[in-house]
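Below, each chain spelled out in residue letters.
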Amino acid sequence: MLIKALLIALYAGLAGIDLFDVQLHFHRPVVTGAIVGLILGDFEKGLVVGATLELVWMGMVPLAGAQPPNVVIGGVLGTAFAILTKVDPKVAVGLAVPFAIAVQAAITFILTVYSWFIHKADKYAEEGNAKGVEFINLAGMIPLFIFYALVAFLPLYFGADAAKSIVNSIPKVIIGGLQVAGGIMPALGFAMLLKIMLKREFIHFLLLGFVLVTYFKLSLIAVAIIGIIVAAYSYFNGNLKNDDGEAITDGI
Amino acid sequence: MAYNSNDKKLSKKELYSMAWRSLFLQASFCYERMQAGGWLYSLLPALKKIYKDRKDDLKKAMKDHLEFFNTHPFLVTPILGIIAAMEEKGEDRDAIRGVKIALMGPLGGIGDAIAWLTILPICAGLGASLAIQGNAFGPILFLILFNVIHFALVFGGINYGYNTGLNALASLKTGTKTISSLASIVGLTVVGALIASYISMKTPLVIHAGKAKVALQTGVLDKILPNMLPLAFTFFIYWLLKKGLSPTKIIGIIILFSIVCKYFGVL
């Protein structure tokens, strides 16, 4: 377990950096699930849990700098708990979310203390020391890497068995409830997207996508293509209003 | 002071170096000045070349570029390009600051609409739809799709910003709302599809009417509108969000609600 926990800790550290920097997005649960599954020897389950967690975190993105429950730790520990304690993927979602919230609170604190880095950069700028500025910016990644790795390592190494016995002692109705919660939790992600995107004049596009799947059983790719066609149609037919409320007749 | 004007002209080398560095825009992110450290880090290849023999001007520029900065990390390169062009032309320091601040807000908004609310949900939704069936291609498809667009934005943006220079400012301003609207149309269509596909909410309740038994889900709800419960529940959560409840509180509510519903056999 030590080697596996260390590998997952390494992955969590890198994913924590990917959340802010380079942003290849291998930190998203759909990827995390597969990788943690591979490390723990149950790739298939990792894939499914990761995909389930992905939907929960769909709308939980850092809009205008506000940080949602931590997607890295939620994905890593959610998948690991699901595989180690052999619970249903949906139950794992219910278990992962509280961890993710606690971690995000800690990160808010860390990013407040990070002012130290910018004050250091001020000093280097004063001296015209470009190398110093470059170093101090990159050095900012080190504490976060260590933090993510530790947060992933500790519960896995010390708590895998403990977590298993705790999960086994939970009453059936709670486990069943968590399963229901995992199944409907994606609604929160979608609702958060809607809160930002949904305007009265756009509501029918939401219904279009809903109906295409509900009645016509179309795949997501098909719906996305139809969405692009509809957007192009609106654009070229001047149905969109620009900032002054006038229909747009030519390109931007 | 006389210097060769070719000497301080930025080449592709500096521009691409800036684009690569922009990947570390948030390496020293803090709430006090947000992306300021990473912004200066990204702009330095240009500043170092432009102010090669003028250390005092370099210091001044470096101090200015450590002021508060925050935009979308995928759309920072057009701003970097424009600001680099302004620095190269020797524009007034206040003008540079003004343009920088004027651009970071709108591009932050467009970036959120395009990257977080459109590209990410669509790419991740596609990947997850495969992965949830146990298909290993799901995560790979997601990473490829997402990053092709991501790097096209980052590296396309630096050239676009630099070449268009100040002209870009005007075109970006008028474009903001249109781009957001188009992104919303595609995004909302996909969200509608996601609601229908991925929220599993069915009731096991059975209605007893005399001797007749009717399953509420298959006999009533599905006859009216399949996926009615997921749609209604999403709008309920949407309403809670609009009321100002935090996502954290809503998660608590969802878990409690689920356990209670399970206990009474409603869900």
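Remember, it's a predicted structure, so these values are computed and weren't measured experimentally.

A few words on the overall build of chain B. Looking only at helices and strands, one finds 10 helices and two strands in chain B. Put simply, chain B runs from its N terminus to its C terminus through helices and strands in the order α-α-α-α-α-α-α-β-β-α-α-α. By residue count, 49% of the 267 residues in chain B fall in the buried class.

Turning next to the overall build of chain A. Helix and strand counts for chain A come out as 12 helices and zero strands. Of the regular secondary structure in chain A, the N- to C-terminal order runs α-α-α-α-α-α-α-α-α-α-α-α. When each of the 252 residues of chain A is scored for burial, the buried share is 52%. For chain A, contacts bridging at least 24 residues in sequence account for 67% of all contacts bridging at least 6.

It is worth spelling out the UniProt feature "transmembrane region" (unreviewed entry) in chain B at this point. Residues and elements named next belong to chain B. Mapped onto the present numbering, the UniProt feature "transmembrane region" (unreviewed entry) falls at residues 68-86, 139-158, 178-199, 220-241 and 247-265. What you have in residues 139-158 is 100% helix and 0% strand, and the ends, taken at the C-alpha atoms, are 29 Å apart. Within residues 247-265, the helical portion is 89% and the strand portion 0%, while the C-alpha atoms at the span's ends are 26 Å from each other.

To continue, consider the packing of helix α3 (residues 43-56) of chain A against helix α4 (residues 71-85) of chain A. Residue and element names in this part refer to chain A. Packing of α3 against α4 brings their axes to within 9 Å, and their N-to-C directions diverge by 135°. Judged by the angle between their axes, α3 and α4 are oblique. Every pair of crossing elements has a handedness; the one defined by α3 and α4 is right-handed. Counting all contacts with α3, which are made through K45, G46, V49, G50 and L53, the residues of α4 involved are G74, G75, G78, T79, A82 and I83. Of the residues in the contact of α3 with α4, the class split is four nonpolar, six polar and one charged.

Moving on: the interface of chain A and chain B. Across the boundary between the two partners, chain A contributes 98 residues, which contact 97 residues of chain B. Within the side of chain A that touches chain B, the residues separate by chemical class into 69 nonpolar, 20 polar and nine charged.

Summarising the sheet, strand β1 (residues 206-209) of chain B and strand β2 (residues 212-215) of chain B pair through four bridges and their orientation is antiparallel. When the bridges of β2(B) are listed, B:I207 appears paired with B:V214.

Okay, the packing of helix α6 (residues 115-126) of chain A against helix α7 (residues 130-139) of chain A next. All names here are of chain A. Here α6 crosses α7 at 170°, and the two axes come no closer than 8 Å. Between α6 and α7, the interaxial angle falls into the category roughly antiparallel. Contact residues: α6 offers F117, K120, A121, Y124 and A125, while α7 offers G132, V133, I136 and N137. Its residues placed into classes, the contact of α6 with α7 shows six nonpolar, two polar and one charged.

Okay, the nonpolar core next. In this structure, A:I8, A:A12, A:A80, A:A96, A:A152, B:L40 and B:L43 are the most contacted members of the largest nonpolar core, which totals 173 residues. Residue contributions to this core peak at 19 residues, all from helix α5 (residues 93-131) of chain B. Setting aside residues no more than four positions away along its own chain, A:A96 makes contact with A:L53, A:G74, A:L77, A:G78 and A:F81.

Tracing the backbone shows B:P247 in helix α10 (residues 247-263). Overall, the presence of 22 C-beta atoms within 10 Å leaves B:P247 in the buried class. If near-sequence neighbours (up to four positions away) are discounted, B:P247 is found in contact with A:M60, A:P68, A:P69, A:L188 and A:M192.

Now for helix α4 (residues 76-89) of chain B. Residue and element names in this part refer to chain B. Look at α4: 20 Å from first C-alpha to last across 14 residues, which is about the 20 Å you get at 1.5 Å a residue. Along α4, the residues that are buried comprise V76, T77, P78, I79, L80, G81, I82, I83, A84, A85 and E87. One or two residues past the end of α4 sits G90, with phi positive at roughly 75°.

The subject of this paragraph is the confidence of the model for chain B. Residue and element names in this part refer to chain B. Chain-level statistics for chain B give a pLDDT mean of 86 and a share of 91% at 70 or above. No element of chain B has a lower mean pLDDT than helix α7 (residues 166-198), at 72, and none a higher one than helix α2 (residues 36-50), at 96. Note on residues 1-5: pLDDT under 50 across the span, and two contacts to partners over four residues away in sequence or across chains. The ipTM, which scores confidence in the relative placement of chains, is 0.76 for this predicted complex, and the corresponding pTM is 0.76.

Our focus in this paragraph is the environment of B:T218. All names here are of chain B. Within the element layout of this structure, T218 appears in helix α8 (residues 216-224). Given 11 C-beta atoms within 10 Å, T218 falls into the exposed group. Distance in space between the C-alpha atoms of T218 and S17 is 60 Å, their sequence separation being 201 residues.

Turning to unusual backbone geometry, a few remarks are in order. Residue and element names in this part refer to chain A. For H25, which is not glycine, the phi torsion reads 70° and is therefore positive. Locating H25 in the fold gives a position in the loop between α1 (2-20) and α2 (29-40). Note on H25: 23 C-beta atoms within 10 Å, which makes it buried. The phi torsion at K86 lies on the positive side, around 60°, for a residue other than glycine. Note that K86 resides in the loop between α4 and α5 (89-113).

Take the confidence of the model for chain A next. Taken residue by residue, chain A gives an average pLDDT of 85. The fraction at 70 or more is 88%. This model gives residues 243-252 of chain A a pLDDT under 50, and the stretch forms 14 contacts once residues within four places in sequence are excluded.

The next subject is the environment of B:Y160. Residues and elements named next belong to chain B. Relative to the assigned elements, Y160 resides in helix α6 (residues 137-164). When the 17 C-beta atoms within 10 Å are taken as the criterion, Y160 is described as partly exposed. Counting along the chain gives 82 residues from Y160 to P78, while the straight-line C-alpha distance between them is 6.2 Å.

The rules behind each value
Residues numbered from 1 in each chain as written. Chains lettered and ligands numbered in written order. Predicted model: local features only at pLDDT ≥ 70, side-chain atom pairs only at ≥ 80, totals over all residues. Helix = DSSP H or I, 4+ residues; strand = E, 2+ residues; numbered from the N terminus. Buried ≥ 20, exposed ≤ 12 C-beta atoms within 10 Å, placed from the backbone. Contact = placed C-beta atoms within 7 Å. UniProt positions renumbered as here; feature names shortened; annotations may be inferred. Axes fitted to C-alpha atoms, helices over the stretch in contact; angles between N-to-C directions. Parallel < 35°, antiparallel > 145°, perpendicular 65-115°, else oblique. Left-handed = near helix turned anticlockwise from the far one by under 90°. Nonpolar A, V, L, I, M, F, W, Y, C, P; charged D, E, K, R; others polar. Pairing = 2+ DSSP bridges. Core = buried A, V, L, I, M, F, W, Y, C linked by C-beta atoms within 7 Å. Expected span 1.5 Å × (residues − 1). pLDDT = per-residue confidence, 0-100.

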